[in-house]
Amino acid sequence: MPPGAARRIDPHDHRSRALPRTPVPTWTDGHPLVTDPTPPQPAARTADAPPRAENSAIPRARPEHATEAQESVRPGRPGTPAAQEPPAVREPAAGGKARESERLSFVGAATRRIARGIDLDETVLGLCRATVPTFSDAILVYLRDPLPVGDEQPVNPMVLRLRRTDRIPESLPGGGALAAVNGAGLGAPALPLLTAAASRLEVRANGPLAEVMRGVRPVFALSDVPRSALRELTGSAHLPEGQRAILAPLRGRRRVIGATVFLRRPDRAAFEHDDLQVAAQLATHSALGVDKAVLYGREASIADELQRTMLPDDLPQPTGVRLASRYLPAAQSARVGGDWYDAIPLPGSRVALVVGDVMGHSTTSAAIMGQLRTTVQTLAGLDLPPQEVLHHLDEQAQRLGQDRMATCLYAVYDPVAHKITAANAGHPPPVLLHPDSSTDLVLLPPNAPIGVGGVDFEAVELDAPAGSTLVLYTDGLVESRTRDVWTGVEQLREKLTETVRLTRPDAAPPLEPLCDEVLDIVGPGDRDDDIALLAARFVGIAPDNVSFRRLDPKAESVREARKLVRESLQRWHLEELLDSVELLVSEVVTNAVRYAERPVTLRLLRTDVLRCEVGDDVPQLPRLRQAGPADEGGRGLYLVQRLARNWGATRLSTGKLVWFEVAMSAGPDQPRP
């Protein structure tokens, strides 16, 4: 290429996109002006736009009369000697380099502004803020609806939806020139095109808009096809005259995903031919940004769904305890993590409270967390003591692979005995909040984390008085880069005490607001890890609402069981349930004493329902079956299913437990949960 020759830039060539040579011509009094096209601007441009005549933040192209004068005296044209060229409009050689540098500066700043967006709205907003008012006075951005993700096949026919518009205000302080231009009828204003733009349209397969979008390159709305395409896109009959509208298709990595329209007012110089290359650069970077945002949105959706399925949908409401929980991801860009919580109902009206933390907050950590949580639920169903649950969980973590490290705290609450049995595997200690606003740090043997191997876990039994609240959490709540664990624990205790003091003396703070208050100890920007929080308010079951008896494994024990039922229901003023409960207890106890070798246990619990529990030493669970006309047995569980509100059977370490619940009407003596 000869020296000084102009190199033609293809906007779709990757080398051209790497070094765009398409600055925006911005002139003031005939001299180039370099401006930053990406100052922070609010969404509605109705009050913050600077005066056109007084502020140079809105660059202006050279006046058309100056351009015409320059072309009429340009050297080399017949009849126009070089000596006649007016010095005021002569463009020196350095002027072209300045304009080239300014154009490169604008495109670079604009693409950086577009690239800042991480989601779809931010990317589209970046395009609008980068181009208005520096490059255009108004912009319309249309995208496919729905947007295809990755290799997905797009929906046909193509449907475009108006995602965003942006513009300078119709009236500016000192904008008399605009009013004069419009009033003189020198050109229809461009901005009314925004108000008439269609919000959603279906692209005709062989229409002018489809033809322009297949061509990919930006075009002026001058010839018949581009003007028809712009009319089809916006649905407006009033189109700007001259080179004051650019229609730029948005092509992503694999396909065209939308279109952008750049508009200029009549009082501003029209677009130049080089502005098509600027529009191509802006459209290319915007389309790639939209592709990136769509992929990010899909990944975020998958992460949210993964985390939601890994954690409990709803906490159970077991007898004698109220529960509330919270989960916060580590950051907006890391929505999954290894923290989890769980509440598992156990036989005997007990409940297991679990909180754990797998190292890291990634998809891998979430997958490991899901495996460990499933293991804990399975082990809890076997009614193993807490230390045995952690021991088997440690073995499972080692089987999953190396470096599968996690901390876990497993506690079992018995509402009848008002006791907690807990074991810890390297987890931060829970906090016990008393009704008088005092707090106790439940110091358990810390032991080693899950996954280390060869650890002899220890369990501790603690008192759980009625009205107290146990707060279990992960280290993300109390530890960060600005504070250590113990400083965070003390802040947690202070927050709990402060919350209780703000509550009425005769009432405990509600659990849901209490969880929200606890999360306030983590300030903005102070969260480095995800947070799992589980709060358990112990209500318990009063001794007056419990009846218990051991029965010998013989047929005569059924009569004792019926006697216990009659005495208990009469004492609780539940005589209306006497016949049905006595029948059900007789059937369940008969099955138990027939096969048991050791004493059978019978327990009645009165809470919001009447619950009956029968335990024996036979591990086989009863199975509901349809008895034949000639069968002597097989009808006991059928009666239980028909008359009881709910029933079930659970294996114990010493046998099994069969239970059923019967609804009771609210009476003056009925306890409230």
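Not measured: the values here are computed from a predicted model.

Considering the nonpolar core
Turning to step 1, where the next piece is worked out: Ranked by size, the top nonpolar core spans 51 residues in total, and within it Trp 340, Leu 353, Leu 390, Tyr 410, Ile 450 and Phe 538 carry the most contacts.
Turning to step 2, where the next piece is worked out: Other than its neighbours up to four places away in sequence, Phe 538 contacts Gly 320, Val 321, Leu 353, Tyr 413, Ile 420, Leu 432, Ala 464, Pro 465, Ala 466, Gly 467, Ser 468 and Leu 470.
Turning to step 3, where the next piece is worked out: Counting residues in each nonpolar core, the second largest holds 33 residues, with Val 107, Leu 120, Ala 248 and Val 290 among its members.

Section: unusual backbone geometry
Turning to step 1, where the next piece is worked out: That bond from Val 132 to Pro 133 is cis: its omega, 10°, falls within 30 degrees of zero.
Turning to step 2, where the next piece is worked out: For Pro 133, the position within the fold is in the loop between helix H4 (120-131) and strand E3 (138-144).
Turning to step 3, where the next piece is worked out: Cis rather than trans, the peptide bond between Asp 145 and Pro 146 has omega equal to 0°.
Turning to step 4, where the next piece is worked out: Summarising the element assignment, Pro 146 is placed in the loop between E3 and strand E4 (159-167).
Turning to step 5, where the next piece is worked out: Positioned with a positive phi, His 418 is a non-glycine residue whose angle comes to about 55°.

A few points about the packing of helix H7 (residues 208-215) against helix H8 (residues 224-234)
Turning to step 1, where the next piece is worked out: Remark: H7 packs on H8, axes separated minimally by 7 Å, with the N-to-C direction vectors making an angle of 110°. Taken together, the axis directions place H7 and H8 in an arrangement best described as roughly perpendicular. Each of Pro 208, Leu 209, Glu 211 and Val 212 in H7 lies in contact with H8, whose residues at this interface are Val 225, Pro 226, Ser 228, Ala 229, Glu 232 and Leu 233.
Turning to step 2, where the next piece is worked out: Among the residues making up the contact of H7 with H8, the classes are represented as 7 nonpolar, 1 polar and 2 charged.

What about the packing of H4 against helix H9 (residues 274-310)?
Turning to step 1, where the next piece is worked out: Relative to each other, H4 and H9 sit at 165°, their axes nearing to 8 Å. Taken together, H4 and H9 sit at an angle that is classed as roughly antiparallel. Two packed elements cross with a definite hand, and for H4 against H9 that hand is right-handed. Along its contact with H4, which presents Leu 120, Thr 123, Leu 127 and Thr 131, the element H9 presents Leu 282, Ser 286, Gly 289, Val 290 and Ala 293.

Details of the sheet that holds strand E16 (residues 459-463)
Turning to step 1, where the next piece is worked out: Across the sheet, which stays open at both edges, the 5 strands sit in the order E10-E11-E12-E13-E16 with antiparallel pairing between neighbours. Strands at the two margins of the open sheet, each flanked by one partner only, are strand E10 (339-346) and E16. Averaged over neighbouring strand pairs, the angle between their axes works out to 20° when direction is ignored.
Turning to step 2, where the next piece is worked out: Note: strand E13 (residues 419-425) against E16, 5 bridges, orientation antiparallel. Residue pairing for E16: Ala 423 is matched across the bridge by Ala 459.
Turning to step 3, where the next piece is worked out: Of the strands in this sheet, E10, strand E11 (350-358) and strand E12 (406-414) are in contact with helix H10 (residues 363-381), which crosses E10 at around 15°.

Side note on the pairing of strand E21 (residues 609-616)
Consecutive residues of a regular strand have side chains that alternate between opposite faces of the sheet.
Turning to step 1, where the next piece is worked out: By the criterion of burial, E21 is predominantly enclosed, with 8 of the 8 residues buried.
Turning to step 2, where the next piece is worked out: Judged by which residues are buried, E21 turns out to be covered on both faces: Val 609, Arg 611, Glu 613 and Gly 615 on one side and Leu 610, Cys 612, Val 614 and Asp 616 on the other are all buried.
Turning to step 3, where the next piece is worked out: Inspection of the sheet shows strand E20 (residues 600-606) paired to E21 by 6 bridges, in the antiparallel sense. Within the sheet, the bridge partner assigned to Leu 605 lies in E21 and is Arg 611.
Turning to step 4, where the next piece is worked out: Between E20 and E21, which pair antiparallel in sequence order, lie 2 residues.
Turning to step 5, where the next piece is worked out: Sheet topology places E21 next to strand E23 (residues 655-663); 8 bridges connect them, and they run antiparallel. By the bridge assignment, Leu 610 is partnered in E23 with Val 662.

Brief notes about H7
Turning to step 1, where the next piece is worked out: Within H7 the residues assigned to the buried category are Pro 208, Leu 209, Ala 210, Val 212 and Met 213.
Turning to step 2, where the next piece is worked out: Just beyond H7, the residue with positive phi is Val 216, at close to 70°.

Rules used throughout
Residues numbered from 1 in each chain as written. Predicted model: local features only at pLDDT ≥ 70, side-chain atom pairs only at ≥ 80, totals over all residues. Heavy atoms only, no water. Core = buried A, V, L, I, M, F, W, Y, C linked by side-chain atoms within 4.5 Å. Buried < 20%, exposed > 50% of the residue type's maximum accessible area, 1.4 Å probe, protein only. Contact = heavy atoms within 4.5 Å. Helix = DSSP H or I, 4+ residues; strand = E, 2+ residues; numbered from the N terminus. Axes fitted to C-alpha atoms, helices over the stretch in contact; angles between N-to-C directions. Parallel < 35°, antiparallel > 145°, perpendicular 65-115°, else oblique. Nonpolar A, V, L, I, M, F, W, Y, C, P; charged D, E, K, R; others polar. Left-handed = near helix turned anticlockwise from the far one by under 90°. Pairing = 2+ DSSP bridges.

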